[in-house]
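Single-letter residue listing:
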Amino acid sequence: MKTYTVGGAVRDRLLGLPVTDRDYVVVGATPDEMLALGYQPVGKDFPVFLHPQTHEEYALARTERKSGHGYKGFKVYAAADVTLEEDLLRRDLTINAMAEDETGALIDPYGGQRDLAGKTFRHVSAAFAEDPVRILRVARFAARFTDFAVAPETSALMRQMVDNGEVDALVPERVWQEVARGLMDAQPSRMFQVLRDCGALARLLPEIDRLFGVPQPPQHHPEIDTGVHVMLVVDWAARRGFSLPVRFAALTHDLGKGATPPERWPQHHDHEAKSAELVRVLCERIRVPADCRDLAVAVAREHGKVHRALELHPGTLVELLERVDAFRRPERFEEFLQACECDFRGRPGYADKPFPALDHLRQALQAAQAIDAAAVARSADPARIREAIFQARSAAVAAWRDRPPAGSP
């Protein structure tokens with residue numbers, strides 16, 4: 001019985017990155033032997049055990065054979081005669097198919113160290129094609145390791161998998177899980193580029209795929225292409241370290257532009273309402289959590305008004321604040337503004353331009369919040385309480401907007 005550290009922990013150590021999670025493979029052992037040593041079984045599809053002291057996961061070496069469509073269509077063989085090399089052979093990429101023994105010696109039968117040096121994502125074997133989740137994983141790794149490239153033969157294999165319909169078997173929850181992880185990496189646009197290159201983006205996220213090639217007015221969007229704009233926006237959100245809901249809202253804010261008839265290009269009048277509708281459809285299909293969905297819908301529907309905030313009348317400002325739930329959820333309102341700033345910044349030459357709309361809206365909210373809504377409600381006709389509060393808030397915003405500039409006589 002021998003134990004090896006495998007996968008990402010080995011890869012990250014060789015790259016000089018922090019190692020936070022370790023995976024272990026045990027060779028030459030049976031489930032009964034693991035139980036006798038005090039390990040606790042947790043694996044459903046194959047034998048995985050928790051260490052009795054550290055509670056880290058130890059998996060028995062195993063092989064897998066395709067038995068159906070999708071990523072669950074496998075028969076697993078885990079026994080004492082499975083070798084470490086056989087276990088590593090079933091892994092996705094060479095850089096994830098390395099191991100270290102208990103002395104720290106590297107075992108690298110498939111050239112992982114070579115591909116680390118060459119900054120290449122290369123599949124270990126033809127078995128890569130048996131699991132469509134691996135397409136998502138390669139795309140996600142591209143967002144994390146931003147100077148790596150997919151090997152041409154791996155890219156071709158991924159395209160073949162898409163053409164064969166393998167990605168159509170992915171369950172929605174797994175698609176969201178991998179996309180969400182990629183959105184939280186350093187350069188999310190690279191994930192979508194890899195998915196687009198192999199055709200998977202059109203199958204999994206068609207609302208995003210169809211944005212590429214759709215022009216926008218060059219006086220507002222020097223990048224012109226809507227897909228390029230959205231990638232700049234989501235990368236800006238990543239550089240700022242914003243939350244997952246903000247990054248997802250950045251990704252989906254302009255989906256409606258993909259539905260504009262070509263004869264209307266490059267204009268996209270009233271695309272916001274269509275964007276909000278498409279966000280809901282996408283979120284329903286891949287089971288996006290409510291916090292991400294709700295913020296994305298609000299940003300898609302309202303980002304155009306944010307850009308025109310300085311032109312809005314006081315009542316219109318209060319209506320906007322109410323629609324995005326700023327009074328009840330000011331912290332969510334701040335995320336809303338962050339996503340709108342990403343939209344503004346995600347254009348060439350806009351990184352350092354002033355964007356006064358954000359502070360304008362923050363100050364408008366502060367002015368409206370100064371109204372004692374409970375006091376207004378007590379003095380109002382019960383049938384008109386909501387209108388009375390709205391009018392009081394609008395008046396407060398108007399007074400703030402019309403105040404004399406600081407320092408004036």
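Residues numbered from 1 in each chain as written. Predicted model: local features only at pLDDT ≥ 70, side-chain atom pairs only at ≥ 80, totals over all residues. Heavy atoms only, no water.

Student: Would you mind going over the pattern of salt bridges with me for this structure?
Tutor: Pairing between side chains of opposite charge can happen when their charged atoms approach one another. The full count for this structure, using the stated rule, is 31 salt bridges. Here D87 makes a salt bridge to R90, at a shortest N to O gap of 3.4 Å. The same class applies to D87 and to R90, which are both buried. The structure contains a network of salt bridges with shared partners spanning R114, D115, R122 and E153. (Salt bridge = Lys/Arg side-chain N within 4 Å of Asp/Glu carboxyl O. Buried < 20%, exposed > 50% of the residue type's maximum accessible area, 1.4 Å probe, protein only.)

Student: What exactly am I supposed to notice about helix 14 (residues 290-307) here?
Tutor: At 3.6 residues per turn, the α-helix brings residues three or four places apart onto the same side. Over its 18 residues, helix 14 runs 25 Å from end to end, which matches the ideal 26 Å to within 8%, given 1.5 Å per residue. Maximum bend of helix 14: about 50 degrees, positioned at R301. Those residues of helix 14 that are buried lie in contact with helix 7 (172-183), helix 12 (244-252), helix 13 (271-286), helix 15 (314-323), helix 16 (330-345) and helix 17 (357-369). (Helix = DSSP H or I, 4+ residues; strand = E, 2+ residues; numbered from the N terminus. Expected span 1.5 Å × (residues − 1). Bend = angle between axes of the 7 residues up to and from the residue. Contact = heavy atoms within 4.5 Å.)

Student: Explain the pairing of strand 2 (residues 23-27) here, please?
Tutor: Along a regular strand, successive side chains alternate from one face of the sheet to the other. Taking burial as the measure, the five residues of strand 2 include four buried ones, the bulk of the element. Pairing between strand 1 (residues 2-6) and strand 2: five bridges, direction antiparallel. Across the sheet, residue Y4 finds its bridge partner in strand 2, namely V25. As defined by bridge partners, strand 2 adjoins strand 5 (residues 57-60) across three bridges and the pair is classed as parallel. (Pairing = 2+ DSSP bridges.)

Student: Would you take a moment to explain the packing of helix 8 (residues 188-197) against helix 11 (residues 226-239) for this structure?
Tutor: Helix packing for two helices is described by the angle between their axes and how far apart those axes are. Between helix 8 and helix 11, whose axes approach to 7 Å, the crossing angle comes to 140 degrees. Within the contact between the two elements, helix 8 uses P188, S189 and F192 and helix 11 uses M231, V234, D235 and A238. Residue composition of the contact of helix 8 with helix 11, by class: five nonpolar, one polar and one charged. (Axes fitted to C-alpha atoms, helices over the stretch in contact; angles between N-to-C directions. Nonpolar A, V, L, I, M, F, W, Y, C, P; charged D, E, K, R; others polar.)

Student: What's the story with unusual backbone geometry in this structure? I'm lost.
Tutor: Leaving glycine out, the prevailing phi sign among residues is negative, and the prevailing peptide bond configuration is trans. Omega for the bond connecting W265 with P266 falls within 30 degrees of zero, at 0 degrees, which places this linkage in the cis form. Inspection of the secondary structure assignment puts P266 in the loop between helix 12 and helix 13. The phi torsion at H55 lies on the positive side, around 60 degrees, for a residue other than glycine. One can find H55 in the loop between strand 4 (48-50) and strand 5. Exposure remark for H55: the relative accessible area of 54% places this residue in the exposed category.

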